[in-house]
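# Report on the structure
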Amino acid sequence: MQRMVSGIKPTGELTLGNYIGAIKNFVDFQEKYELFVFIADLHALTTIQDKSKLRKRIKDIAAFYIACGLDPEKATIFIQSEIPAHSQMSYLLECTSYVGELNRMTQYKDKSKDDSASIQTSMFTYPVLMAADILLYDPDFVPVGDDQKQHVELARNIAERFNSRNGEFFKVPEPVIPKAGARIMDLQNPTKKMSKSGDTDKGYILLTDNLNLIKNKIKSAVTDSDTLVKFDKEKKPGISNLLTIYSVLSNLTIAEIENKYTNQGYGNFKKDLAEIVATQIGKIQEKYNQIINSNKLNQILDAGLEKASKIAHKKIMKANSKLGLGRKK
Ligand code: ATP
Ligand code: LTN
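Because the structure is predicted, anything quoted here is derived from the model rather than measured.

Quick look at the site of ligand 1 now. Around ligand 1 sit 20 residues in total, of which Asp147, Ile184, Lys193, Ser195 and Lys196 are the nearest. At 3.0 Å, a backbone N or O of Gly145 approaches an oxygen atom of ligand 1. Take Met194: an N or O atom from its main chain is 2.9 Å from a nitrogen atom of ligand 1. Protein contact buries 95% of the 600 Å² of open area that ligand 1 shows by itself. It is helix H1 (residues 16-29) that contributes the most residues to the shell around ligand 1, 4 residues altogether. Per-class residue counts for the shell around ligand 1 are 6 nonpolar, 8 polar and 6 charged.

Now for the nonpolar core. Core analysis: the biggest nonpolar cluster contains 65 residues, and Leu16, Tyr19, Tyr65, Leu70, Ile245, Phe269 and Val277 have the highest contact counts within it. The element contributing the most residues to this core is helix H12 (residues 265-291), with 10 residues. Setting aside its immediate chain neighbours within four residues, Val277 contacts Leu16, Ile205, Ile214, Ile218, Ile245 and Leu249. Judged by nonpolar contacts, the second largest core, of 37 residues, contains Tyr108, Ala131, Val152 and Ala312.

The next thing to look at is the side chain of Arg3. By the element assignment, Arg3 lies in strand S1 (residues 3-8). Here the side chain of Arg3 touches Tyr137 through a polar contact of 2.7 Å, landing on its backbone oxygen. Dropping the residues within four chain positions of it, Arg3 is found in contact with Glu34, Phe36, Tyr137, Asp138, Pro139, Asp140, Phe141 and Ile311.

Conventions adopted
Residues numbered from 1 in each chain as written. Chains lettered and ligands numbered in written order. Predicted model: local features only at pLDDT ≥ 70, side-chain atom pairs only at ≥ 80, totals over all residues. Heavy atoms only, no water. Near = heavy atom within 4 Å. Polar contact = N/O pair within 3.5 Å; in protein donor to acceptor, adjacent residues only side chain to side chain. Areas by Shrake-Rupley, 256 points an atom, 1.4 Å probe, with all protein chains shown as cover. Helix = DSSP H or I, 4+ residues; strand = E, 2+ residues; numbered from the N terminus. Nonpolar A, V, L, I, M, F, W, Y, C, P; charged D, E, K, R; others polar. Core = buried A, V, L, I, M, F, W, Y, C linked by side-chain atoms within 4.5 Å. Buried < 20%, exposed > 50% of the residue type's maximum accessible area, 1.4 Å probe, protein only. Contact = heavy atoms within 4.5 Å.

Written out as C-alpha cells, the structure is:
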C-alpha cells in the first residue's frame with residue numbers, strides 16, 4: 001500500500017477551507033492509502049501562542065479529524081511534538097538546505113514583508129521542519145492545499161540532495177493537490193484565501209460556528225452585481241468560490257449546479273448552499289461533541305503515537321548514522 005502523510009497546525013479554529021482543502025480528502029484517501037495524519041503543534045510556535053488555547057486546539061483538531069470521518073483503524077493520527085524525531089530530523093535537514101532557497105518561499109516572503117525584525121527564526125525555518133515531518137515517514141504522496149505546494153517541492157529538493165550526498169535514503173514524495181477546492185476563498189474578499197487569521201469573521205466559516213451564523217455568512221457572502229450563477233474565476237470570483245463549495249459538498253458538477261439555477265438569481269442558490277453547508281457541519285459538530293471529552297480520543301492518540309514513533313525513531317537513528325554522527329555505523 002502506498003503511503004501518505006499530512007498535517008494541520010493548531011493556530012486557530014478549523015475553517016471550511018481546511019475541511020474542503022485538506023480533511024475531506026484525507027477521509028477519501030484513508031480507503032486507498034496507508035495514511036498518517038498529525039497535528040502540527042510545533043508549527044504553531046512559529047508565532048506566539050496562548051498556551052491554554054494551544055492545548056485546547058491540539059485536542060480539537062484531533063477530535064475534528066475523527067468527527068469529519070477519519071477512522072483510527074485505517075489512519076494513524078498523532079501529535080507532532082510527542083515524537084522528538086520531528087525536531088531532530090528538522091536539524092539534520094537544516095544542514096541539507098540553503099538560506100537562499102528558504103528565502104524564496106512565498107509564504108515567508110508574505111509574512112515577513114511588513115516587519116521582518118519581529119518575525120521569529122522558526123517562521124523562516126518552518127518549511128524545513130515540514131520537510132522533516134514528511135521525509136521521516138517515506139511517504140509516496142503528501143496531500144495539501146494549493147498554498148503548501150511550494151513547501152512540498154522544497155521537501156523533494158532536500159530529499160534529493162540528501163540522497164545524492166549520502167546515498168539513497170529518503171523517498172522523494174509527490175504533492176497531491178485537490179482538483180476542486182484547493183483554495184477556498186474568503187467570503188467577503190474572494191481574491192484572498194479563506195483563513196482562520198482572516199480580516200473579518202464574516203469572511204470565514206469555522207467548523208465550530210453556530211449553524212445559523214454559518215447560514216448567514218453564506219447568505220451575506222460577497223457576489224457581483226449581475227445575477228448569473230456562472231463559474232468565472234476572474235470576473236466572478238465570489239460566485240465561483242460559492243460554486244466550488246457547493247460542488248465539493250454536493251458531489252454535483254459545476255455545470256449541473258449552473259443549470260439548476262438558470263434564471264433564478266442568487267437568492268435561491270445561496271439559500272440552498274447555506275442549508276448544505278450547515279447540514280454537513282452540523283453532523284460533524286454532533287460527532288465532535290461525542291468525542292471531545294471522551295477517553296477514546298486519548299486512546300486513539302496513544303495508539304497513533306506508538307505506531308508513528310517507531311517509524312520515526314528508526315529513521316532518525318539511521319539518518320544520524322548515515323551522516324557520520326555518534327558511534328554506530
Ligand atoms: P492560516 O490560514 O491560519 O495561515 P492554514 O489554514 O493555511 O493557516 P493549516 O491549518 O496548517 O494552515 O492548513 C492545513 C491544510 O489546510 C493545508 O493543507 C492547507 O493547504 C489547507 N487549507 C488551508 N486553508 C485552505 C483554504 N482556504 N482552501 C483550501 N485549503 C486550505
Ligand atoms: N505547513 C502546513 C502544515 C504542515 C504539513 C506538514 C502539511 C506541517 N507539516 C507536513 C503536510 C505535511 C501548513 O501550514 N498548512
